[in-house]
Amino acid sequence: MASKSAPPGTRSVAHSKSLVRWAAAVAAAALSGTAMAAEWNLQPPVTPIAADIHGVHEYIMFIVTVIFVVVFGFMFWAIYAHRKSKGHKAAQFHENVTVEILWTVIPAIILIAIVVPVTKVVIAQKDTSNPDLTIKATGYQWKWGYDYLKGEGAGISFLSTLATPQEQIDNQAPKDAHYLLEVDHPLVVPAGKKVRIVTTAADVIHSWWVPAFGVKQDAIPGILRDTWFKAEKTGTYRGQCAELCGKDHGFMPIVVEAVEPEKYAQWVAGQKKTMQA
């Protein structure tokens, strides 16, 4: 007995449902990828420099994505449209002035479009003039020393050392949210003020890095380097030494507390009383 075939309309509906399921799967994968990208993306910026770095990053990623789509789209189209099964034969030529001009001029234009905004950000990063506060950050194996050189708080100095309990490091106690990113004495700065950081080191090369500030400056023995930031939001911001500096390299975090100017003045007064005691 002959089997009954499905009506054409039924086949069309089934095909449509299949396409919908396929599209939903692709959308789910894209959304999960977006979530992963958000998790692994740059930290939210809290300084003008960090915001500029974010903008340049997204701008260049857009350019890279357009290049990827155009190049690979053209390549796959060329492979498909000129496949052997359609009778196409490979063209034989050795020179094409138009092509050579295009593949020289177009990359040059792209590079110029990238260089201009990047150069502006790099120049802004190096502009440490007219700071409200100058602090020297000295890298030691394996802690940071801070000396307030100029501005409100000048004369204050202290060491900032890892505060994570040894029990957590030895896996004998649960690790908290700021495991290996907590210190006994954080660097305290006023929000909304330009802070110049002068970096150096006492032993080996270290690197003072706070991602939310868009700041990363090597600290080199016998050499003074500088960078700057202006935290536009109050809060606690964390970083780490970003230069391999020995066996405890991963145990010298950086913690910066940006507070309101009034609270900063109170902190300065408290520190100076402690120093005089």
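Here the structure is shown first, and the text comes after it.
Just so we're clear, the structure is a prediction, and the values are computed from it rather than from any experiment.

1. Regarding the sheet that holds strand E4 (residues 187-190)
Logical step 1: With respect to topology, 5 strands assemble into an open sheet ordered E4-E10-E9-E6-E7, the strand pairing being mixed. The open sheet has two free edges, formed respectively by E4 and strand E7 (215-219), since each of these has just one partner strand. The mean inter-strand angle of the sheet, taken between neighbouring strand axes irrespective of direction, is 25 degrees.
Logical step 2: Helix H5 (residues 261-276) contacts E4 and strand E10 (253-259) of the sheet and is inclined by roughly 135 degrees relative to E4.

2. So, the environment of leucine 133
Logical step 1: Looking at the secondary structure, you find leucine 133 in strand E1 (residues 133-140).
Logical step 2: Residues leucine 133 and proline 190 lie 57 residues apart in sequence; the distance between their C-alpha atoms is 8.9 Å.
Logical step 3: In this structure leucine 133 touches Tyr148, Lys150, Gly151, Glu152, Pro190, Lys194, Val195, Arg196 and Tyr264, once residues within four positions along its chain are discounted.

3. Some thoughts on the packing of aromatic side chains
Logical step 1: By the definition in use, this model includes 11 aromatic pairs.
Logical step 2: Each ring, one from phenylalanine 213 and one from tyrosine 237, has its centre 5.3 Å from the other, and the planes form 55 degrees; the classification is tilted. In this pair, phenylalanine 213 is assigned in the loop between strand E6 (206-210) and E7 and tyrosine 237 in strand E9 (residues 235-241), connecting sequence segments 24 residues apart.
Logical step 3: Between the aromatic rings of tyrosine 264 and tryptophan 267, the centroid separation amounts to 5.9 Å while the plane-to-plane angle is 25 degrees, which identifies the pairing as stacked. Taken together, the positions of tyrosine 264 and tryptophan 267, both in helix H5 and 3 residues apart, correspond to about one turn of that helix.

Conventions and cut-offs
Residues numbered from 1 in each chain as written. Predicted model: local features only at pLDDT ≥ 70, side-chain atom pairs only at ≥ 80, totals over all residues. Heavy atoms only, no water. Pairing = 2+ DSSP bridges. Helix = DSSP H or I, 4+ residues; strand = E, 2+ residues; numbered from the N terminus. Axes fitted to C-alpha atoms, helices over the stretch in contact; angles between N-to-C directions. Contact = heavy atoms within 4.5 Å. Phe/Tyr/Trp six-rings, centres within 6.5 Å; stacked < 30°, edge-to-face > 60°.

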